[in-house]
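This is what each chain is made of:
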Amino acid sequence: MNCGPESAEVQEWLRGFREAAKAALEARIDGPDAPALATFYASVIQGMSTQARDGATREELERVAELAMLAYPASER
């Protein structure tokens, strides 16, 4: 996240992993909103990862996941 110019290669390498994860999510989501939902859930996952590193509890992270699932179309749940 906080990389200087000297870490550009590592930053790009990690970006590739994040983009691959987002593509995998999109492949699993059906419907016209798949790209937006994949971006949304990738953002939630990345944010949850940061929160976990900062000390968030399992209960806090599970609540975030529960709230994030409210964005998923009811017809797909």
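These numbers come from a predicted model, not from an experiment. (Residues numbered from 1 in each chain as written. Predicted model: local features only at pLDDT ≥ 70, side-chain atom pairs only at ≥ 80, totals over all residues. Heavy atoms only, no water.)

S.K.: What is the right way to look at the overall build of the protein chain in this model?
M.R.: Within the protein chain, the regular secondary structure consists of 3 helices and 0 strands. Secondary structure elements in the protein chain, listed N-terminal to C-terminal, are α-α-α. Its C-alpha radius of gyration of 15 Å places the protein chain more than 25% over the 11 Å reference for a compact globule of 77 residues. By principal-axis analysis of the C-alpha atoms, the protein chain measures approximately 45 × 30 × 15 Å. Taking all 77 residues of the protein chain together, the buried fraction comes to 16%. (Helix = DSSP H or I, 4+ residues; strand = E, 2+ residues; numbered from the N terminus. Rg over C-alpha atoms; globule rule 2.2 N^0.38 Å. Buried < 20%, exposed > 50% of the residue type's maximum accessible area, 1.4 Å probe, protein only.)

S.K.: When you look at the pattern of salt bridges in this model, what are you seeing that I'm missing?
M.R.: If charged atoms from side chains of opposite charge come close, those side chains can pair. Considering all chains together, one arrives at 4 salt bridges under this definition. The salt bridge involving Glu-19 is made with Lys-22; its shortest N-O contact spans 3.7 Å. Of this pair, Glu-19 and Lys-22 both sit in helix α1 (residues 8-28), 3 residues apart, which is roughly one turn of the helix. The partly exposed category is assigned to Glu-19, whose relative accessible area is 37%. Arg-63 serves as the salt-bridge partner of Glu-66, at 3.3 Å between the closest nitrogen and oxygen. Remark: Arg-63 and Glu-66 occur in helix α3 (residues 58-69); sequence separation between them is 3 residues, near one turn of the helix. (Salt bridge = Lys/Arg side-chain N within 4 Å of Asp/Glu carboxyl O.)

S.K.: Would you mind going over the packing of helix α2 (residues 34-53) against α3 with me for this structure?
M.R.: When two helices pack together, their arrangement is given by the angle between the helix axes and by the axis-to-axis distance. Where α2 contacts α3, the two axes come as close as 11 Å, and the packing angle between them is 170°. Classified by the angle between their axes, α2 and α3 sit roughly antiparallel to one another. For the pair α2 and α3, the contacting residues are Phe-40, Tyr-41, Val-44, Met-48, Gln-51 and Ala-52 in the first and Leu-61, Val-64, Ala-65, Ala-68 and Met-69 in the second. Here the contact of α2 with α3 is built from residues that sort into 10 nonpolar, 1 polar and no charged. (Axes fitted to C-alpha atoms, helices over the stretch in contact; angles between N-to-C directions. Parallel < 35°, antiparallel > 145°, perpendicular 65-115°, else oblique. Contact = heavy atoms within 4.5 Å. Nonpolar A, V, L, I, M, F, W, Y, C, P; charged D, E, K, R; others polar.)

S.K.: Which parts of the structure should I look at to understand the nonpolar core?
M.R.: Membership of the largest hydrophobic core is limited to 10 residues, which are Ile-29, Ala-34, Leu-37, Ala-38, Tyr-41, Val-44, Met-48, Leu-61, Ala-68 and Tyr-72. Mapped by element, the contributors of at least two residues to this core are α2 and α3. Take this core: its biggest share by element is 6 residues, from α2. Once residues within four sequence positions are removed from consideration, Val-44 is found in contact with Val-64 and Ala-68. (Core = buried A, V, L, I, M, F, W, Y, C linked by side-chain atoms within 4.5 Å.)

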